[in-house]
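Examining the three-dimensional arrangement
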Amino acid sequence: MTPEELKVLIFNIVHEAAQDGTIALDPDTIPPVRVERPRVREHGDWATNVAMQLGKKAGMNPRDFAQLVVEKLVAHEGIDHAEVAGPGFINITVNAAQAGELARTILDQGESYGKSQALDGQVVNLEYVSANPTGPIHIGGARWAAVGDSLARILQASGASVVREYYFNDHGSQIDRFAKSLLARARGQEAPEDGYGGQYIEDIANAVMAEHPDVDPLSLEDDQAQEFFREYGVHRMFGEIKKELAGFRVEFDVFFHEDSLHESGAVNQAIGDLRSKNVVYDQDGATWLRSTEFGDDKDRVIIKSDGDAAYFAGDIAYYLNKRERGADHVIIMLGADHHGYIGRMYAMARAFGDTAGKGENLEILIGQLVNLVQDGQPVRMSKRAGTIVVLSDLLDAAGVDAARYSLVRAAMDTTLEIDLGLISSRTNENPVYYVQYAHARTKSVDANAAAHGVTRDSFDPALLDSAADAELIAKLAQFPEIVAQSAQLREPHRVARYLEELASAYHGWYGVSRVTPRADEPVSDLHRTRLWLNDAAGQVLANGLSLLGVSAPDKM
């Protein structure tokens, strides 16, 4: 019996008691039931606080409420024991055979185990990374690439239709500075003071000239030469970024160019839409959004007094464009330096008549910085980019699996420090190695079992009655709930931390549970049944790693 099944059972018990008048509750107001693992293993397999949550609402002592639930629980064939504890907790021990059936369920469902249709019918537009096309992806952008792609996978596993989107900021002064930097390097000059440095600038300038041997940008007038590098340099950088992301196992459905919003008239259209809602006004030669009416700390300029669109105007048009393309939920992942954008962006959504906040039409997630450490010293400079550390530096040092896992395993709103020596090591202190090794060990057990004639041609879940069996089964049972929580809370790190706990439970089980017989004993149903549990653990480890875009190797 999984935690989800137990939740349903307890909910139904309470609901029926409310319907027949045994307890004084409105059946339609009963909230979902929570089930958790007790901190003390001897207290049972699962515990619920439903009686403490609802007892007083029903005009009952929580312990009396809990006793009513316990009497119904113990009558169910899947429950071995249930008792009231403390002020009203209910501790539950599941029947070993019922618990062990989970191994069969997992292997029957295979890659589908852990997935649900909780978000079925929802179209989510998820925008992440969105680096300026003026240089390689920096380490902060790499974090968003790993977290964003993992979140997309988790949302899809929960039934949502996800559009992965990358927003290219290819409109504005940063592109001019990029073009000037390329031109300067092509002419053998230093980049402008406000330009971009690093070896990649020289590499791109040389590549652009090599691709266009019939054009001599050095002989062109400055404006013409700058425009030449603006067009072809941005295109080249765009290609480099795409290639780098693909190598990081990050793919996008849409690459959206900011410049297209201005060229297509989408900015003016969006402003016109807001003006028709009477939330735009003109003052001091500029056009303003009445954002204070929608929770912002001040009104925002959208068209400046010189007639140019403010950067915020592009944000407005882009959001409207996403909604018009069918997105029910727009999730935008931004770096720590964008924290001030939340108020104005939420106000803008509300001005359009939408809702804003977690789970609403517009949702903004803010991530924190990443620091790399090598031999106890911070890594501050890239060989390629000069003044910043970039994704390629991390991949060169650790590889894709270790890089992705390390960037995802911490909550995105916390500053992350990555020890390059640790994540490159093949030790149990390295979290990704620890988890991947657990999966590889399940495959090793498979191979060893086959060599000894142990197959899955029989299965008796009642034999999985040891403490180690129970611990591993309980951990496997939590996976669907972890995936659901990760999707609901937008927290992929929950999957990573769960996998580490599962790996620990599996390694502990492996140490005391023989799948293959000793030399002097025949193959038994216990060996065969344990093989089912071994393979179930391998399946869940693989499913979880897949959600993080990390491989599940058969050998280490």
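Per chain, residue numbering runs from 1 following the sequence as it is written. Residues qualify for local features only when their pLDDT is at least 70, as the model is predicted, and side-chain atom pairs are given and counted only at 80 or more; totals for whole chains, interfaces and linings, by contrast, use all residues. Here the side-chain values reflect all heavy atoms present in the structure, with hydrogen atoms and water set aside.

1. Details of the environment of His15
Operational definition: We count a stretch as a helix when DSSP gives it H or I for four or more residues in a row; a strand needs E for two or more, and each element gets its number in order from the N terminus.
Here His15 is to be found in helix H1 (residues 3-19). Sequence spacing of His15 and Asp28 is 13 residues, and the spatial spacing of their C-alpha atoms is 8.3 Å.

2. A closer look at the UniProt feature "domain: DALR anticodon binding" (unreviewed entry) in the protein
Inclusion rule: UniProt positions are given in the numbering used here, feature names are shortened, and annotations may be inferred rather than shown by experiment.
UniProt's feature table lists "domain: DALR anticodon binding" (unreviewed entry) at residues 435-556, given in the numbering used throughout. Note that residues 435-556 is 67% helix and 0% strand, and that its end C-alpha atoms are spaced 11 Å apart.

3. Looking at the layout of surface pockets
Going by this rule: Buried and open spaces are told apart on a 1 Å grid over the protein atoms alone, a cavity being a set of points where a 1.4 Å probe fits but cannot get out and a pocket being an open set with protein on both sides within 12 Å along at least five of seven lines. Residues with an atom within 4 Å of a point are the lining residues. Grid points are joined across faces, edges and corners, and a volume is the space filled by probe spheres set on the points. Throughout this entry, Asp, Glu, Lys and Arg are counted as charged residues, while Ala, Val, Leu, Ile, Met, Phe, Trp, Tyr, Cys and Pro are counted as nonpolar. The remaining residues, Gly among them, count as polar.
Of the volumes computed, that of the second largest pocket is approximately 1000 Å³. Lining the second largest pocket are 36 residues; nearest its centre among them are Glu4, Lys7, Pro480, Glu481 and Ile482. At the level of secondary structure, the elements contributing two or more residues to the lining of the second largest pocket comprise H1, helix H4 (96-109), helix H18 (479-489) and helix H19 (493-512). A per-element tally of the lining of the second largest pocket places H18 first, with seven residues. In the lining of the second largest pocket, the residues fall into 14 nonpolar, nine polar and 13 charged.

4. Focus: the pattern of salt bridges
Note the following rule: We count a salt bridge whenever a side-chain nitrogen from Lys or Arg sits within 4 Å of a carboxyl oxygen from Asp or Glu. Only protein chains enter the accessibility calculation, which uses a 1.4 Å probe. A residue is then buried if its area is under 20% of the maximum for its type, exposed if over 50%, and partly exposed in between.
In this structure the tally under the stated criterion is 28 salt bridges. Between Arg300 and Asp297 there is a salt bridge whose closest N-O contact spans 2.9 Å. Residue classification places Arg300 among the buried positions, given a relative accessible area of 11%. Classification of Asp297 by relative accessible area gives exposed; the value is 64%. A single salt-bridge network, built from bridges that share partners, covers Asp149, Arg153, Arg164 and Arg404.

5. Some words on the side chain of Asp45
The condition is simple: Pairs of residues are marked as contacts when any of their non-hydrogen atoms sit within 4.5 Å.
Among the secondary structure elements, Asp45 is positioned in the loop between H1 and strand S1 (46-48). Each residue touching Asp45, except ones within four places of it in the same chain, is listed here: Glu36, Arg37, Pro38, Ile92, Thr93 and Val94.

6. Regarding the packing of helix H16 (residues 431-451) against H19
This is how it is decided: Axes here mean lines fitted to C-alpha atoms, for a helix over just the part in contact, with angles spanning 0 to 180 degrees between N-to-C directions. Should an angle fall under 35 degrees it is taken as roughly parallel, and over 145 as roughly antiparallel, whereas 65 to 115 is taken as roughly perpendicular and any remaining angle as oblique. Crossing chirality is assigned from the near helix's rotation relative to the far helix, an anticlockwise turn below a right angle marking it left-handed and a clockwise turn marking it right-handed.
Remark: H16 packs on H19, axes separated minimally by 9 Å, with the N-to-C direction vectors making an angle of 45°. What the angle tells us is that H16 and H19 run oblique. The hand of the H16/H19 crossing is left-handed. Of the residues in H19, those in contact with Pro431, Tyr434, Val435, Tyr437, Ala438, Arg441, Thr442 and Val445 of H16 are Leu499, Glu500, Ala503, Ser504, Tyr506, His507 and Tyr510. Class assignment for the residues of the contact of H16 with H19 results in ten nonpolar, three polar and two charged.

7. A word on the nonpolar core
Filter applied, for reference: Side-chain atoms within 4.5 Å link the members of a nonpolar core, which is a set of buried Ala, Val, Leu, Ile, Met, Phe, Trp, Tyr and Cys residues.
Leu6, Ile10, Leu73, Phe248 and Leu476 are the most contacted members of the largest nonpolar core, which has 140 residues in total. Residue contributions to this core peak at eleven residues, all from helix H5 (residues 139-157). Those residues in contact with Leu476 that sit more than four places away from it in its chain are Leu102, Ile106, Tyr113, Tyr498, Leu502, Leu533, Ala536, Ala537 and Val540. Core analysis: the next-biggest nonpolar cluster, separate from the first, contains 36 residues, Leu274, Leu289, Ala347 and Leu362 among them.

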